[in-house]
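Reading the structure
Spelled out, the chains give:
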Amino acid sequence: MKSSMYNLFVPIDESEYVLYNFLNDSALIVDEDMKLCIEKGELNSSISNQSVKETLLNCGVIVHDDINERKLYLYRYNIEKYAPSYSLFIVLTTFACNLSCPYCYEGSGEILNSSMDEQTLLKVIDFIKKTTHEDGTREIAIKLYGGEPLLCLDSCYAISKELSKWGDENNIKVNIVLQTNGTLLNENAVRLLTPYLAAVEVTLDGPPESHNKSRCYKNGDGSYEDILRNISLLAGSKTSILLRLNVENSDGLGLLLDNLDKNGLKSWPNLSFYTAHISYYDLCEFFTNDELCLKDINTVLEIRPSLLRVIYEKGWQSKYHMYNMRKQKLVSCNNEKRGRYVVDPLGDIYKCVFTAGDKAHRVGVIKDGGVEWNSAYYDILTRNPLDMEGCADCVYLPNCGGGCASRAFLNKESFNASYCGPIKRIMSKRILLYLKEIYPEKFSRLVI
Amino acid sequence: MKSSIYNICIQTDGCNSIIFNALKGTSILVDSEMKTAIESNSLEMICPEDLFTLVDSGFLVEDDLDERNVYAFEHNQNKYSTDISSFLVLPTLSCNLSCPYCYEDSLNISRSRSMDRNIAENVTNFIKNQVMENHSRSVVLGLYGGEPLLESDLCIQIAESISKWTMSRGLNYFSALTTNGTMLSQETFDKLRPFISSVHFTLDGPEEEHNKMRFYKGGRGTYSDLMKAISLAGESNIHLTVRIHIGDRTGQGDFAKVLGDLEAIGLRGRPRTYLYFMPIEPKDECFNTSSKKSLRRKLKNIELLPCIWNMARELGWGESLHVDAGQEHSLLPFSRLPCGFLKNGCYVIDPSARLYSCPSVAGIERYSVGSISQDGTAIWLPSYYDAITASPTDATACKDCSHLPLCNGGCPVRPSSAQEPDGCHLKEFYNKKILTHLAHKYPTLIWGT
């Protein structure tokens, strides 16, 4: 027997620790003696109680001598990376937008503003069909994205109609999601698209007053009322409505939920929501400034308990998608996996929505005869954290996967490098908050 | 632009050479000037038109492209993707024949063990669980042994269950029975037929040769019984694969005789009929594939194949041969894996529900990499993770080798004692394969030695 490489001890008071195992995603409470035993690997001599040993083994805190946990990690990492259960195509029909949100990482469609032309559109549809066959997946997700995708309603319609038909003919499940600001979702768009759409995702920036300050038209007018009126066209339809509610604190969320209730949204059976936080700095800072990222993550974690309280108090819990803090990250980002594609209006392919349009991050080009991948594609796909400096022996690896490849590229000029970001500084807090959330009585006195 | 690291240059005569690109599977005949230009990266010597052709075919690549990553990507994609899940089930290790070359004998496998019905139930549950976990679109079931038809009821039980289940889920299903043919009665075939897609038979040459090698325990040869079985299966529209062994003494005339017998039972021109020729290989061939001794034997066999193919083609069997580059039975199949079995989503299952990475060691517990529990889930041993995560891109001898996309590093689970005792001799082997393949495909080109 030996101790796992992936044990982290987080102190909860003077004498006790949460022992979290990253590879096995398990948690135990241990005292100082047990901590020392496990840290020193004195397992046979010090732990005589068979049932204690069994528990430690089941939790992956101790492992058999012949197990190479790095290989176990690599095996699971590669399966996640190379055996996708579905293919994802995020299609940017246009970079242009009719709003001018101050925090927009795409510059509100004023830096890049091209839209997909008809010829490119046909090539993109063809690319999706061929690539799905090559990926061997039974299910695909298409996200219509932008800019504001509904500025190109014809493209959205062509993609949705053609690929839904193709999915039916080929026994492939096709889920299409429209990510829109909601201002152009008029009766015509709803009539054309809803037969094919699984969901429409719309963002609200807090209660009307604050929303109208940030999500406004180019002339400065607010969009809240228009959005609510438009999404009501979908109320009760078979297309789901997913609201992203950007909130600063629980007061803002409370006011927003009250307003939605007043407008009748609480009774829509096809409506659900999740909460998020706006980063008020530009993309480059987001990718290169750890301190700003850390500040954001801390804010999200800190306001989480109070947001939950408001949601329950106001009776919205059945519609709430709670962010799963427990999620393991064997691969650092869903988009780093095989079978994930971001296609911009020019037919260029990226691995990340945030970098779409920036040719330094381009991984391929859709051409007449098919797709031409470049070195970045292979570099990202063959990225192996066990080969990256600092990762092979890192206790956090199974929850980080080597970090964001785009950040690594921006900071270290290579996709094949690690990027820790604030992960090490946030993980203990996240573990404790999670445990406090699911075992409130046990951790009632714990201050995080 | 720069030259690909996977260009293999083989001199054909005094002034011409073949350059074969192992990653793309392309080949080009060049004069010494072009050869030098490509090999020494002196691309300014090449005219724009030729440059375009060389880039298009992968002989030249972009400066920033690390082709090792392209290979690693393709290797991993082949190894880990599970659009197909495949299961090779051995319902029994017993056999009614005593073929002298059978590897199962030499490995001292206990020949009396068969699967019991409960284990067969666990195995079918495991198959279903695993297909769902793998998100596969297709399921391949192989029934293998020993002689699987000694347990024909088990074969039917498993194949029927999986066939019906895949149909209810809208999954593709393909199943293959590998049999010595001696136990395939009409009744057994009729019962199995709805649930199997293909039958795989083996012939050891013409009647006289075959009967010396494949005989019943008492010594009686199996040739005529086997022909009856092939004929019986051939009357249906099932896929038929006939493997014909090349023995040390089998000559051209012998193959013609076998083909004549197969023609007599109606196989020539029959759709869905696949024919391939294979040298009989030593029991531990996979483990010693890069040794000098193995090389000499292999080089000889490679020379034989094109002659046999040509003869088969002249006799009207062209449609049943699948020997073009990239096809399963060709000299250059272009797989990115050293072995089709050591792959995520591929499982070899013995009668005790133990799991293996290789059919030739199935039944020997010390080689097992896991087992199927009663609830139909796999319990893997550390050796499974060692074997599956082993990558030739990590091996010093392989990672920069121009031939890597052809050989893929060889069997990663072979005992360390069998690893290149006298260095790797596979380059010569693959060069021979390339030339033989090209000579067969383009017979009008004039070759040097």
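Here, the structure is the one placed above.
So, a few notes on the structure that sits alongside this text. (Residues numbered from 1 in each chain as written. Chains lettered and ligands numbered in written order. Predicted model: local features only at pLDDT ≥ 70, side-chain atom pairs only at ≥ 80, totals over all residues. Heavy atoms only, no water.)

Re the pairing of strand β2 (residues 7-11) of chain A
Residue and element names in this part refer to chain A. Stated formally: Buried, partly exposed and exposed residues are distinguished by accessible area as a fraction of the type maximum, computed with a 1.4 Å probe on protein chains only: under 20%, between the cut-offs, and over 50%, respectively. Helix numbering and strand numbering both begin at the N terminus, where a helix is a DSSP run of H or I of at least 4 residues and a strand a DSSP run of E of at least 2. Each pair of strands is called paired provided DSSP finds at least two bridges between the two strands.
Taken across its five residues, β2 has four buried, putting it largely inside the fold. In terms of strand pairing, β2 meets strand β3 (residues 16-21) through five bridges, oriented antiparallel. Considered in β3, the bridge of Val10 is made with Val18.

Topic: the packing of helix α9 (residues 223-234) of chain B against helix α10 (residues 252-264) of chain B
All names here are of chain B. Cut-off, in case you're wondering: Fitting a line to C-alpha atoms yields each axis, with helices limited to the stretch in contact; the angle taken between N-to-C directions then spans 0 to 180 degrees. Here the angle decides the label: under 35 degrees means roughly parallel, over 145 means roughly antiparallel, 65 to 115 means roughly perpendicular, and every other value means oblique. What makes a crossing left-handed is the near helix being turned counterclockwise from the far one by less than a right angle; a clockwise turn instead makes it right-handed. Here, two residues are considered to be in contact whenever any of their heavy atoms come within 4.5 Å of each other. Gly is put with the polar residues, along with every residue not named as nonpolar or charged; the nonpolar set is Ala, Val, Leu, Ile, Met, Phe, Trp, Tyr, Cys and Pro, and the charged set is Asp, Glu, Lys and Arg.
One way to put it is that α9 packs onto α10 with a least axis distance of 10 Å and a crossing angle of 45°. In terms of orientation, α9 and α10 fall into the oblique class. The hand of the α9/α10 crossing is right-handed. Residues Tyr223, Met227 and Ile230 of α9 touch α10, and the partners they reach there are Val258, Asp261 and Leu262. Grouping the amino acids of the contact of α9 with α10 by side-chain chemistry returns five nonpolar, no polar and one charged.

Here we look at the interface of chain A and chain B
Put simply, the rule is: Buried area: the accessible area, evaluated with a 1.4 Å probe, that two parts lose upon being put together, summed over both parts. One side-chain nitrogen of Lys or Arg within 4 Å of one carboxyl oxygen of Asp or Glu is enough to make a salt bridge. Here a polar contact is taken to be a pair of N or O atoms separated by no more than 3.5 Å, where protein atoms must pair a possible hydrogen donor with a possible acceptor and residues adjacent in sequence count only if both atoms sit in side chains.
Taken together, the contacts link 29 residues of chain A with 25 residues of chain B. Both sides of the chain A and chain B interface together cover about 2,400 Å² of buried area, and 60% of this is carbon and sulfur. Together, Tyr75(A), Arg138(A) and Tyr378(A) form the three largest contributors to the area buried by chain A at its contact with chain B, with a combined 27%. Summed over the shared surface of chain A and chain B, the result is one salt bridge. Measuring nitrogen to oxygen at the nearest pair gives 3.8 Å for the salt bridge that ties Lys71(A) to Asp386(B). Our enumeration of links across chain A and chain B arrives at 10 residue pairs in polar contact (both at pLDDT 80 or more). Those elements that place two or more of their residues in the side of chain A that touches chain B are α4 (69-82), α5 (118-135) and α13 (375-381) of chain A. The biggest single contributor to the side of chain A that touches chain B is α4(A), with seven residues. Here the side of chain A that touches chain B is composed, by residue class, of 11 nonpolar, 12 polar and six charged.

Describing helix α1 (residues 32-39) of chain B
Residues and elements named next belong to chain B. Rule in force here: The arc in question is traced by the directions running from the helix axis to the C-beta atoms.
Residues of α1 that are buried include every one of Met34, Lys35, Ala37 and Ile38, and no others. End-on, the buried residues of α1 take up no more than an arc of 165°, which puts them together on one face. Of the exposed residues in α1, the ones pointing more than 90 degrees away from its buried face are Glu33 and Glu39. Packed against the buried residues of α1 are β1 (2-3), β2 (7-11), β3 (16-21), β4 (26-31) and α2 (48-56). The first or second residue beyond α1 is Asn41, which carries a positive phi of 60°.

With respect to the sheet that holds strand β10 (residues 239-246) of chain B
All names here are of chain B. A sheet is described by the order of its strands in space; here 10 strands give the open sequence β11-β10-β9-β8-β7-β6-β12-β13-β14-β15, paired in mixed fashion. Each having just a single partner strand, β11 (273-279) and β15 (378-380) make up the two edges of the open sheet. Adjacent strand axes in the sheet meet at a mean angle of 25° when their direction is disregarded. The pairing of strand β6 (residues 84-89) with strand β7 (residues 138-143) spans six bridges and is parallel. Looking across to β7, one finds that Ser85 is bridged to Val139. Relative to the sheet, helix α6 (residues 152-169) contacts β6, β7 and β8 (172-178), its axis offset from that of β7 by approximately 175°.

Digging into the sheet that holds β3(A)
Within a sheet, neighbouring strands are paired by backbone hydrogen bonds and run either parallel or antiparallel to one another. All names here are of chain A. Spatial strand order, β2-β3-β4: three strands in an open sheet with antiparallel pairing. Unpaired on one side and paired on the other, β2 and β4 (26-31) mark the two borders of the sheet. Sheet twist, expressed as the mean angle between neighbouring strand axes with direction ignored, is 30°. Note: β3 against β4, six bridges, orientation antiparallel. Paired with Asn21 across the bridge in β4 is Ser26. Along the sheet, helix α15 (residues 423-438) makes contact with β2, β3 and β4, crossing β2 at roughly 70°.

Focus: the packing of aromatic side chains
Pairs of aromatic rings are described using the distance from one ring centre to the other and the angle between the two planes. Defined as follows: Planes of paired rings set the category: under 30 degrees apart is stacked, over 60 is edge-to-face and the rest tilted, where pairs are Phe, Tyr or Trp rings (Trp by its six-membered ring) whose centres lie within 6.5 Å. Each ring is checked for a lysine NZ or an arginine CZ that lies within 6 Å of its centre and within 35 degrees of its normal; such an atom marks a charge sitting over the ring.
Tallied over the entire structure, the rule returns 31 aromatic pairs over all chains. Between Tyr73(A) and Tyr77(A) the ring centres are 5.7 Å apart and the planes differ by 35°, which places this aromatic pair in the tilted class. Within this pair, Tyr73(A) and its partner Tyr77(A) are both found in helix α4, separated by four residues, close to a single helical turn. Under the relative-accessibility criterion, Tyr73(A) is labelled buried at 0%. Through successive ring pairs, a cluster of aromatic residues spans Tyr82(A), Phe89(A), Phe127(A), Tyr341(A), Trp373(A), Tyr377(A), Tyr378(A), Phe73(B) and Tyr80(B). One Lys or Arg, Lys35(A), reaches over the ring of Tyr17(A) and ends 4.8 Å from the middle of that ring.

A short note on the nonpolar core
Which entries qualify depends on this criterion: To define a nonpolar core, start from buried Ala, Val, Leu, Ile, Met, Phe, Trp, Tyr and Cys residues and group those joined through side-chain atoms within 4.5 Å.
Residues Leu243(A), Leu260(A), Leu262(B) and Phe277(B) are the most contacted members of the largest nonpolar core, which totals 199 residues. For this core, the element with the highest residue contribution is helix α11 (residues 292-317) of chain B, accounting for nine residues.

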